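Tertiary structure, described
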Amino acid sequence: MEVKNKIILALDVLSMDQARELLDEISDYLDTIKIGYPLVLAEGLEAVTQVKEEYQCKIITDFKVADIPATNQKIANVTFQAGADALIVHGFVGPDSVASCVESAEKQGKEVFLLTEMSHPGASQFLQPVSMDIAHMGVEMGIQNYVGPSTRLDRLEKIRSIIGKDSFLISPGVGTQGGDPKDTLKFADALIIGRSIYLAPDPVESLESIIDSIEF
Ligand code: O7E
């Protein structure tokens, strides 16, 4: 997946009015937007369809899908039918659950991102001990796209070494959670950024300064 300016906006606002107000200002800098539970629970799955159509961008839906295969497949089918280009899936549920999303994606010409380790402090307790195994599982399954934390660069580097240089790795945790954009891009292909942009007093200025910090 190609990502303009190597930045994926985490559109974690709670209404389409807020989403449009933000995107009217900054959409020229972006071509890939992540939409997850906050906006979809507030406005419905139509939010995915609307943002994609109105701003002509790729949508990665972040439902961190983590159910049995049959349920995962229904979630994936409905999400892709709403226009999502990619779906983020948890790896800890195992290969059969992940495979059901991959199957749905392949049928519809869409993509799956496998979530390995998360960026928040609590991820160290249960997820971290298995996150490299999840990355290995992804490689065995032939998965191309991964998510890993910008808040622990030693772990992100390990994930990159497992999945190989040709896989596509996106990384949340930059800015508000403490990760550094440029350092993260030593290992990741693109950053997922939310609050540092949408809570900034001037989102355009914030986004431009992140882009400058990546380029120079
Ligand atoms: O901290 P922010 O505001 O820049 O937002 C980060 C976004 O990335 C937010 O939507 C959050 O839910 C998501 N995220 C993490 O912060 N950490 C993770 O480990 C994983 C995700 C995520 O997006 O998961 C799927 C990619």
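About the criteria used
- Along each chain, numbering runs from 1 in the same order as the chain's sequence is written.
- With the structure being a predicted model, the display of local features is reserved for residues of pLDDT at least 70 and the display and counting of side-chain atom pairs for 80 or more, all residues being used for whole-chain, interface and lining totals.
- Computation of side-chain values covers all heavy atoms of the structure but excludes hydrogens and water.
- UniProt positions are given in the numbering used here, feature names are shortened, and annotations may be inferred rather than shown by experiment.
- Each helix corresponds to a stretch of at least 4 residues labelled H or I by DSSP, and each strand to a stretch of at least 2 residues labelled E; elements are numbered beginning at the N terminus.
- Contacts are residue-level and defined by heavy atoms, with any inter-residue pair within 4.5 Å sufficient.
- Contacts described as polar in this section are N or O atom pairs within 3.5 Å, which, within protein, must combine one atom able to donate a hydrogen with one able to accept it, while residues neighboring in sequence count only if both atoms come from side chains.
- As a rule, the C-alpha atoms of each element are fitted with a line to give its axis, helices using only the stretch in contact, and angles between N-to-C directions run from 0 to 180 degrees.
- Angular relationships are summarised with four words: roughly parallel below 35 degrees, roughly antiparallel beyond 145, roughly perpendicular across 65 to 115, and oblique for the angles in between.
- With the far helix as reference, a near helix turned anticlockwise by less than a right angle produces a left-handed crossing, and one turned clockwise produces a right-handed crossing.
- Residues are sorted three ways: Asp, Glu, Lys and Arg are charged, Ala, Val, Leu, Ile, Met, Phe, Trp, Tyr, Cys and Pro are nonpolar, and all the rest, Gly among them, are polar.
- Values of pLDDT, which run from 0 to 100, indicate the predictor's confidence residue by residue.
- Residue burial is assigned from relative accessible area. The probe radius is 1.4 Å, only protein chains are included, and a residue is buried under 20% of its type maximum, exposed over 50%, and partly exposed in between.

Under the annotation held in an unreviewed UniProt entry, the protein chain carries the name Orotidine 5'-phosphate decarboxylase and is attributed to Methanobacterium formicicum. The heading Subunit (unreviewed entry) in the UniProt record of the protein chain holds the text "Homodimer."

Take the UniProt feature "active site" (unreviewed entry) in the protein chain next. UniProt marks Asp 62, Lys 64 and Asp 67 with the feature "active site" (unreviewed entry), using the numbering shown here. Inspection of the secondary structure assignment puts Asp 62 in strand E3 (residues 58-65). Setting aside anything within four residues of it in sequence, one finds Asp 62 in contact with Lys 34, Ile 35, Gly 36, Tyr 37 and Ile 88. A distance of 2.5 Å separates a polar atom in the side chain of Asp 62 from a polar atom in the side chain of Lys 34. Mapped onto the secondary structure, Asp 67 falls in the loop between E3 and helix H4 (69-81). In this structure, Asp 67 is in contact with Asn 72, Val 93 and Ser 97, ignoring residues within four places of it in sequence.

At a minimum axis separation of 9 Å, helix H1 (residues 16-26) and helix H11 (residues 203-215) run at an interaxial angle of 50°. Comparing the axis directions of H1 and H11 gives the class oblique. The way H1 lies across H11 gives a crossing that is right-handed. On the side of H1, the interface is formed by Leu 22, Glu 25 and Ile 26, while H11 contributes Pro 203, Val 204 and Leu 207. Classifying every residue of the contact of H1 with H11 by side-chain character gives five nonpolar, no polar and one charged.

For the protein chain, the average pLDDT comes to 98, and 100% of its residues sit at 70 or higher. In the model output, the complex is listed with pTM 0.98 alongside ipTM 0.98.

Although it is not a glycine, Asn 5 sits at a positive phi angle of roughly 60°. Secondary-structure assignment places Asn 5 in the segment before strand E1 (7-10). On the basis of relative accessible area, Asn 5 is assigned to the partly exposed category, the value being 28%. Of note, Lys 64 is a non-glycine position whose phi angle comes to about 40°, a positive value.

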